[in-house]
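Structural characterization, general
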Amino acid sequence: MLNGGNLVPNENLASTLLENSINGYFNTDSFQVLNISAGTWGPDNGMAFIQKHGDFDADLICLVYNSHDAGDTMEFNKVVGVELQKPDKNESLATIAFFKRMVLPRISTFLHKEEPASSKKMVSELNPGWTFFYELSNQKGIPLIVYLHATQEEAHNKRYDQEGQKIIEFCNRNNIRMVMDINKQSDDLFVDYIHLNSEGQKMITDILFPEIISQFEVASN
């Protein structure tokens, strides 16, 4: 029997794991790790969300993005009912939905060993969200960490692509603390060519946790 649900349960998301780990480290329950993102969101989506709802008096901002988010900006083209992952109606059988969402992407990844060509959008300018979060960090004195998540293809090549290099250059130029997972990836951490499963979420947690604790300890001294 197939039951619907998220690809990764909420309790296994990096945001939940980090919140539990940080509270455990400081022996408190006062820390919250808020995930303000959603599927397909990039830095400009996050920017729009913060502009509308405020920064929640954040003690730290952590941007978890991949190379595609260097310059891929919001578009308003029709995607519902067009893209496979955004259906406009329920399937008649759960097995059909399972096949489309879980089986087909894995077959495609296995056969091509690279990400879909449609995801390799090359742009000349950075997404405006990058500058927004950098300036927000400076203006309000909120520490900023950028986590650059490698795609499966980048992990195989041991190198971020051209768009990822733009993010690295931006962070280096502006002295933004940056962490990467390209040397820690393995195929068994992926759901598809880019999205991580529960074990992949734990990897993010293991990489980010010491960085976050370090930032808090620096701020307290």
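Residues numbered from 1 in each chain as written. Predicted model: local features only at pLDDT ≥ 70, side-chain atom pairs only at ≥ 80, totals over all residues. Heavy atoms only, no water.

Here the structure, examined in full by the defined rule, presents 11 aromatic pairs. Between phenylalanine 49 and phenylalanine 56 the ring centres are 6.3 Å apart and the planes differ by 20°, which places this aromatic pair in the stacked class. In this structure an aromatic cluster arises from ring pairing among Tyr25, Phe26, Phe31, Phe209 and Phe216. (Phe/Tyr/Trp six-rings, centres within 6.5 Å; stacked < 30°, edge-to-face > 60°.)

Pairing is parallel across the open sheet formed by three strands, whose spatial order is E1-E2-E3. The strands lining the two open edges of the sheet, one partner per strand, are strand E1 (61-66) and strand E3 (177-180). The sheet shows a mean angle of 20° between the axes of neighbouring strands, direction not considered. Across six bridges, E1 lies against strand E2 (residues 144-149) in parallel orientation. Bridged to cysteine 62 within E2 is isoleucine 145. Against the sheet, helix H6 (residues 162-173) engages E1, E2 and E3, with an angle of about 160° to E2. (Pairing = 2+ DSSP bridges. Helix = DSSP H or I, 4+ residues; strand = E, 2+ residues; numbered from the N terminus. Axes fitted to C-alpha atoms, helices over the stretch in contact; angles between N-to-C directions. Contact = heavy atoms within 4.5 Å.)

Confidence in the prediction of the protein, expressed as mean pLDDT, is 86, and 83% of residues score 70 or more. The weakest mean pLDDT in the protein belongs to helix H3 (residues 94-112) at 67; the strongest belongs to E2 at 98. (pLDDT = per-residue confidence, 0-100.)

Tallying each qualifying case throughout the model produces five salt bridges. Residues lysine 166 and glutamate 163 are paired through a salt bridge, measuring 3.1 Å at the closest nitrogen-oxygen approach. Of this pair, lysine 166 and glutamate 163 are both found in helix H6, three residues apart, which corresponds to roughly one turn of the helix. (Salt bridge = Lys/Arg side-chain N within 4 Å of Asp/Glu carboxyl O.)

The next subject is the packing of helix H2 (residues 43-53) against helix H4 (residues 128-140). In contact at an axis separation of 7 Å, H2 and H4 are set at 45° when each is read in the N-to-C sense. With respect to each other, H2 and H4 are oriented oblique. The two elements H2 and H4 cross, and the hand of that crossing is left-handed. Taken together, the residues of H4 that come into contact with H2 (itself represented by Pro43, Asp44, Gly46, Met47, Ile50 and Gln51) are Pro128, Gly129, Trp130, Phe132, Phe133 and Leu136. (Parallel < 35°, antiparallel > 145°, perpendicular 65-115°, else oblique. Left-handed = near helix turned anticlockwise from the far one by under 90°.)

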